[in-house]
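Next come the chains, spelled out residue by residue.
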Amino acid sequence: LHLLSTTTKEALIRCLGTHPSVRYEGHLWQRAVSHVPLVQKDMQSFVKVWLAELLHTEEPATAKVFTAHVLLGALAHAPQDSGWELTLLHLLRNERSSDDIRDSALHALLRHKTSPETLIGLLEEIALEKLPDERGRLRDCLLETLYPVHVRPSQVVRYLSPTRSRRRSIPSFGMFWT
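Here we summarise the structure given alongside this text.

Thresholds applied
- Residues numbered from 1 in each chain as written.
- Predicted model: local features only at pLDDT ≥ 70, side-chain atom pairs only at ≥ 80, totals over all residues.
- Heavy atoms only, no water.
- Axes fitted to C-alpha atoms, helices over the stretch in contact; angles between N-to-C directions.
- Helix = DSSP H or I, 4+ residues; strand = E, 2+ residues; numbered from the N terminus.
- Parallel < 35°, antiparallel > 145°, perpendicular 65-115°, else oblique.
- Left-handed = near helix turned anticlockwise from the far one by under 90°.
- Contact = heavy atoms within 4.5 Å.
- Nonpolar A, V, L, I, M, F, W, Y, C, P; charged D, E, K, R; others polar.
- Core = buried A, V, L, I, M, F, W, Y, C linked by side-chain atoms within 4.5 Å.
- Buried < 20%, exposed > 50% of the residue type's maximum accessible area, 1.4 Å probe, protein only.
- Expected span 1.5 Å × (residues − 1).
- Salt bridge = Lys/Arg side-chain N within 4 Å of Asp/Glu carboxyl O.

### What to know about the packing of helix α5 (residues 85-93) against helix α6 (residues 99-112)
Moving on, step 1. Interhelical geometry of α5 versus α6 gives an angle of 155 degrees and a closest axis separation of 9 Å. Judged on the interaxial angle alone, α6 and α5 are roughly antiparallel. As for how α5 packs across α6, the hand of that crossing is left-handed. On α6, the residues touching Glu-85, Leu-88, Leu-89, Leu-91 and Leu-92 of α5 are Ile-101, Arg-102, Ala-105, Leu-106, Ala-108, Leu-109 and His-112.
Moving on, step 2. Looking at the contact of α5 with α6, its residues break down into nine nonpolar, one polar and two charged.

Given below as C-alpha cells:
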C-alpha cells in the first residue's frame, strides 16, 4: 500500500468490503498494521470526509461499516497525530454510530488524543449517560487506560455501574469490585 498513489488508495477505500469473501474470512486482518498507509497524511482529508459521510448515513451498509473498521483499525496503529482527534470524537458521540464503531473509534483515539483530559471527559459523559455505552466496553477501556494515574482509586466507584446489556451485567474489571 505504501507504493500506491493517493488516487489509487482512495479508489481502494471506495471499493473496500464490496467483495463478500473478504468481509467474512475473519476480522484479524482488518486491524492490520499494513493498512496504515490508508490513513497517513496524504489520505487524511479523504478519510475524514469519508468518515463524516458515515456519520450522516442513517443505516450504513455492511460494506461501509466494514470499511470503517478497517480505517479505524489502521488509525489505531498509525503514528500519533492529534489532527484525528475531533473526527474520532464525532464518531464516538454520534447517535448513529454502532457500539462496534464507537469501540473502534475509541481504540484509535487512544493513539491520537491530545491529552488524558479528552478521555476523562468521555468517561464523564458515559457516567452522566450522555454517551451511550450499553455493554460497558467504552467505560472499561477508558478505566483500563486512565486508572490509577488519571482516575484515582477513590474515584473508580463513581464510574462503575451495571451495564444495560443482558450479555454482560458487570464490568470486566473484577479488581475494582474486590
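### Side note on the nonpolar core
Moving on, step 1. Formed by 44 residues in total, the largest nonpolar core has its most connected members in Val-47, Leu-88, Leu-91, Leu-106 and Leu-122.
Moving on, step 2. For this core, the secondary structure elements donating two or more residues are α3 (44-55), α4 (62-77), α5, α6, α7 (116-127), α8 (137-146) and α9 (153-159).
Moving on, step 3. Counting residues per element, this core draws most heavily on α4, which supplies seven residues.
Moving on, step 4. If we ignore the near neighbours within four places in the chain, the residues touching Val-47 are Ile-13, Leu-38, Val-39, Leu-71 and Trp-84.

### Digging into α4
Every α-helix carries 3.6 residues per turn, so stepping three or four residues along brings you back to the same face.
Moving on, step 1. Taking 1.5 Å of rise per residue, 16 residues should cover 22 Å, and α4 covers 23 Å from first to last C-alpha, within 8% of that figure.
Moving on, step 2. Along α4, the residues that are buried comprise Phe-66, Thr-67, Ala-68, His-69, Val-70, Leu-71, Leu-72, Gly-73, Ala-74, Leu-75 and Ala-76.

### A look at the pattern of salt bridges
Moving on, step 1. Overall, the coordinates contain eleven salt bridges when judged by the stated rule.
Moving on, step 2. Taking the shortest distance from any N to any O, the salt bridge between Arg-135 and Asp-99 comes out at 3.6 Å. One end of the pair, Arg-135, is in the loop between α7 and α8; the other, Asp-99, is in helix α6, and 36 residues separate them in sequence.
Moving on, step 3. Exposure remark for Arg-135: the relative accessible area of 18% places this residue in the buried category.
Moving on, step 4. Through salt bridges that share partners, Asp-99, Asp-100, Arg-102, Asp-103, Arg-135 and Arg-137 make up one connected network.

The quantities given are spatial measurements derived from coordinates; they are silent on function.
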